[in-house]
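# A look at the structure
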Amino acid sequence: MPPDPFAGDPDDPAKALDDDGDDETTPPMSEQEREELLADLSDLAVYQALLEPRGVRGIVVDCGECQEPHYHDWALLAASLEQLLNDGKMRPHEPAFDPDPASYVSWEYCRGYADGVTASENAL
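Our subject in this report is the structure included herewith. Because the structure is predicted, anything quoted here is derived from the model rather than measured. (Residues numbered from 1 in each chain as written. Predicted model: local features only at pLDDT ≥ 70, side-chain atom pairs only at ≥ 80, totals over all residues. Heavy atoms only, no water.)

All right, on to the environment of Y104 then. Here Y104 is to be found in strand 3 (residues 104-105). In this structure, the C-alpha to C-alpha distance between Y104 and G58, residues 46 residues apart in sequence, is 5.0 Å. Beyond its immediate chain neighbours, meaning those up to four positions away, Y104 contacts R57, G58, I59, V60, Y71, H72, D73, A96 and P99. Side-chain polar atoms of Y104 contact the side chain of D73, separated by 2.6 Å. (Helix = DSSP H or I, 4+ residues; strand = E, 2+ residues; numbered from the N terminus. Contact = heavy atoms within 4.5 Å. Polar contact = N/O pair within 3.5 Å; in protein donor to acceptor, adjacent residues only side chain to side chain.)

Below, the structure is given as structure tokens:
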């Protein structure tokens, strides 16, 4: 991420965005959660390597909060997962502008595609 131009500024206008209304801090990530997140990052790199050359731009996730699909380009999703790994939370980001739903697939599709490639390679 680029450096924050307001870093250290007591009048940082973005401070209001960091306050989510409660004084509780995010609990530390467990070792199991950390391992799962690292596995997801590793899987994401494989999925991108397999599917990006086929025209897939990223992953679509059905949001449980707003009941809308969220489209994440490969780089954006990787950056979000890395931020979660490093900071313990993801910051809000701009949604994809006018995404073509046909260019995004689900995480489950990626997993199945990778499994299919692995199975066909092992069959040789």
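Next up on the list: the nonpolar core. By size, the foremost hydrophobic cluster in this structure holds 16 residues, and its most contacted members are L44, I59, W74 and C110. At the level of secondary structure, the elements contributing two or more residues to this core comprise helix 2 (31-51), helix 3 (74-87) and helix 4 (107-123). Residues in contact with L44, not counting those within four places in the same chain, are I59, W74, L77, A78, L81 and W107. (Core = buried A, V, L, I, M, F, W, Y, C linked by side-chain atoms within 4.5 Å. Buried < 20%, exposed > 50% of the residue type's maximum accessible area, 1.4 Å probe, protein only.)

What follows is about the sheet that holds strand 2 (residues 69-73). Taken in spatial order, the three strands of this open sheet run 2-1-3, and their pairing is mixed. A strand with exactly one partner marks an edge of an open sheet, and here the two such strands are strand 2 and strand 3. Note that strand 1 (residues 58-62) and strand 2 share five bridges and pair antiparallel. Bridged to V61 within strand 2 is H70. Across the sheet, helix 3 touches strand 1 and strand 2, and the angle it forms with strand 2 is around 95°. (Pairing = 2+ DSSP bridges. Axes fitted to C-alpha atoms, helices over the stretch in contact; angles between N-to-C directions.)

Here we come to the pattern of salt bridges. Think of it this way: side chains of opposite charge can pair up when their charged atoms draw near. Applying the stated criterion to the full structure yields one salt bridge. Put simply, D73 and R57 hold a salt bridge, and the shortest N to O gap is 3.3 Å. Pair noted here: D73 is in strand 2 and R57 is in the loop between helix 2 and strand 1, with a separation of 16 residues, a long-range link. Exposure remark for D73: the relative accessible area of 26% places this residue in the partly exposed category. (Salt bridge = Lys/Arg side-chain N within 4 Å of Asp/Glu carboxyl O.)

These figures come from the coordinates and say nothing about function on their own.
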